Amino acid sequence: RAPSRANSGAGQASRSPSPSQKPEMGLPVPPADRRRPSHVDLRAIQELQRTVLEQTLADARVWRNGYTLLLTGTGAVLTLAASRLGNASWKWRLALTLALGGGILLLTVALWLVLTAEGGKHGPPRGLSLDSILTTHGSVEAYRVDQAAQAQERIRRSQRWAWWGALAVFVGLMLTLWLPS
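Treat the numbers as computed from the prediction; the structure is a model and nothing was measured.

Draft legend 1. Quick look at the packing of helix 4 (residues 130-137) against helix 5 (residues 140-177). Where helix 4 contacts helix 5, the two axes come as close as 8 Å, and the packing angle between them is 75 degrees. Relative to helix 5, the element helix 4 lies roughly perpendicular. Seen from helix 4, the contacting residues are L130, I133, L134 and H137; seen from helix 5, they are V140, A142, Y143 and D146. Here the contact of helix 4 with helix 5 is composed, by residue class, of six nonpolar, one polar and one charged.

Spelled out as structure tokens, the structure:
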């Protein structure tokens, strides 16, 4: 007697893994009750993928302009307060140098990071071709989404540096108000 196909599993079509099983190749398993995306959903995600890099670069330009304005304002205040700094004791000079100088340095790092986000880390990669993009990312849209994700991460890092830089500049400006005459 031949073995039953229902019991042996031989010849059966492969079934999709259950949510408790790990999917192959690290791909997420969609929930069983998830609806299929509509044509509107598909068009919307394609539009989002198409414009994500441009939106990220526009964000980088806004942050670049903000950091530049903050650095320029800090330099102007430092220039105006320079006449009062000449008569200050070395302790006050050291405190102001650390606060304002450190803040300017941190803001410069933030500006540099956002400039690399806007212009690419080191410009376009050498040997960039359609074949290399398709091999690495699978599609040009996926490549653009990956470039946008990298730029967004650099913008987030620049925001952290700028936060600390702005705090240091603020402390320095408050110190100039308390500078003894």
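Draft legend 2. Just the pattern of salt bridges, in detail. The full count for this structure, using the stated rule, is four salt bridges. The partner of R64 in a salt bridge is E118, with the nearest N and O atoms 3.0 Å apart. One end of the pair, R64, is in helix 2 (residues 39-85); the other, E118, is in helix 3 (residues 90-119), and 54 residues separate them in sequence. Residue E153 pairs with R160 through a salt bridge whose shortest N-O separation is 3.8 Å. According to the relative accessible area criterion, E153 is partly exposed, its value standing at 33%.

Rules and cut-offs
- Residues numbered from 1 in each chain as written.
- Predicted model: local features only at pLDDT ≥ 70, side-chain atom pairs only at ≥ 80, totals over all residues.
- Heavy atoms only, no water.
- Axes fitted to C-alpha atoms, helices over the stretch in contact; angles between N-to-C directions.
- Helix = DSSP H or I, 4+ residues; strand = E, 2+ residues; numbered from the N terminus.
- Parallel < 35°, antiparallel > 145°, perpendicular 65-115°, else oblique.
- Contact = heavy atoms within 4.5 Å.
- Nonpolar A, V, L, I, M, F, W, Y, C, P; charged D, E, K, R; others polar.
- Salt bridge = Lys/Arg side-chain N within 4 Å of Asp/Glu carboxyl O.
- Buried < 20%, exposed > 50% of the residue type's maximum accessible area, 1.4 Å probe, protein only.

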